[in-house]
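# What the coordinates show
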Amino acid sequence: MAVKGLVAAIVQFLTQQLQEGDITEESRESLEVAIQCLESAYNVQASDTPANFNLYEIYKSTAEKDKPPVAAESTAQAKVTPQAKAEAERLKNEGNNFMKADKHIEALLNYTKAIELDGHNAVYYCNRAAAYSKIGNHQQAIKNCLTALSIDPSYSKAYGRLGLAYSSMEKHKEAKESYQKALEMEPDNESYKNNLKVAEEKLAQQGTSNTGLGGGAFPGNDLSSLLSNPALMNMARHMLTNPALQNMVSNFMVGQVEQGGPMDALIEASQQFARQLHNANPELIESLRRQMGGNSNDPDPPQEN
């Protein structure tokens, strides 16, 4: 069976480590216990491993495949012509103007075109992260911030926007770490200081309230009582039949110029739906948010020039 074959391969690898690995005596004893437990629990032996199946070799080939092609990227960057760089910069500036006009999809497309021409400019990725944040696609915002930081590890604004995206996803630990990094590079930035303080406060609230879904994750509420709220459910039913919501989802999918996968699309469509609910009845949603210990969005850092 597939599971037994995999466990047998693990046992085989651990046995090889016992024989060939440079490990301490304490680690050796731990491996022996682990092997015995796996053999007993699954009734397998290392010899049960499928023919020509080497777990370590499979892992190595997968790891090599996933490594970023640094040399290829450097070669591609060297081929960027001055004309391409100039056009990329023009597209970036046009994207900035779209952002100021709240035309976030158009800005997103411009930044993407700039990246296609010059894919080693951290500013383009950071600006695209801002556009993704504006349309609520925080997963892609994080991805673009991380790409910008891989190009320029000292890019404070990328850390700031990373913190904003994490905060918007209620990942306050990651937001705190991002704002701390931003402040290391810009110690006098008041926006980063304020955002760090908010992240620390939210993190402290999580520590006192997240005691499990049944006990205290939603103070004064549980999930069933939230879903049975008649005002919320009536509003949701109304929104689901609203053609504007359907158009919104369609526009979102058009704007999904990077392949984030169906799960990302589902998450972001849900976030869009939540914003529509908030716009329809902000008093109700804010009341629910306060009961659940939610937060308002942190202010967006200034756009690049």
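Parameters at a glance
- Residues numbered from 1 in each chain as written.
- Predicted model: local features only at pLDDT ≥ 70, side-chain atom pairs only at ≥ 80, totals over all residues.
- Heavy atoms only, no water.
- UniProt positions renumbered as here; feature names shortened; annotations may be inferred.
- Core = buried A, V, L, I, M, F, W, Y, C linked by side-chain atoms within 4.5 Å.
- Buried < 20%, exposed > 50% of the residue type's maximum accessible area, 1.4 Å probe, protein only.
- Helix = DSSP H or I, 4+ residues; strand = E, 2+ residues; numbered from the N terminus.
- Contact = heavy atoms within 4.5 Å.
- Axes fitted to C-alpha atoms, helices over the stretch in contact; angles between N-to-C directions.
- Parallel < 35°, antiparallel > 145°, perpendicular 65-115°, else oblique.
- Left-handed = near helix turned anticlockwise from the far one by under 90°.
- Nonpolar A, V, L, I, M, F, W, Y, C, P; charged D, E, K, R; others polar.

Per an unreviewed UniProt entry, the recorded name for the chain is Small glutamine-rich tetratricopeptide repeat-containing protein alpha, and the organism is Habropoda laboriosa. Looking at the Sequence similarities (unreviewed entry) heading of the UniProt record, one finds this comment for the chain: "Belongs to the SGT family."

## Section: the nonpolar core
Judged by nonpolar contacts, the single largest core of 37 residues is most densely connected at Ala148, Tyr155, Leu162 and Tyr179. Of all the secondary structure elements, the ones that give two or more residues to this core are α5 (82-100), α6 (104-117), α7 (122-134), α8 (138-151), α9 (156-168), α10 (172-185) and α11 (190-209). Top contributing element to this core by residue count: α7, with eight residues.

## Concerning the environment of leucine 14
One can find leucine 14 in helix α1 (residues 2-20). Assessed through its relative accessible area of 14%, leucine 14 is described here as buried. Separated by 18 residues in the primary sequence, leucine 14 and glutamate 32 have C-alpha atoms spaced 8.4 Å apart. Sequence-distant contacts of leucine 14, defined by excluding residues within four places in its chain, comprise Leu31, Ala34, Ile35 and Leu38.

## Side note on the packing of α7 against α8
Put simply, α7 and α8 touch, their axes get as near as 8 Å, and they point 165° apart. The orientation of α7 relative to α8 falls into the category roughly antiparallel. Crossing of α7 over α8 shows left-handed handedness. In this structure, α7 contributes Ala122, Tyr125, Cys126, Arg128, Ala129, Tyr132 and Ser133 to the contact, and α8 contributes His138, Gln140, Ala141, Asn144, Cys145, Thr147, Ala148 and Ile151. Of the residues contributing to the contact of α7 with α8, the split by class is nine nonpolar, five polar and one charged.

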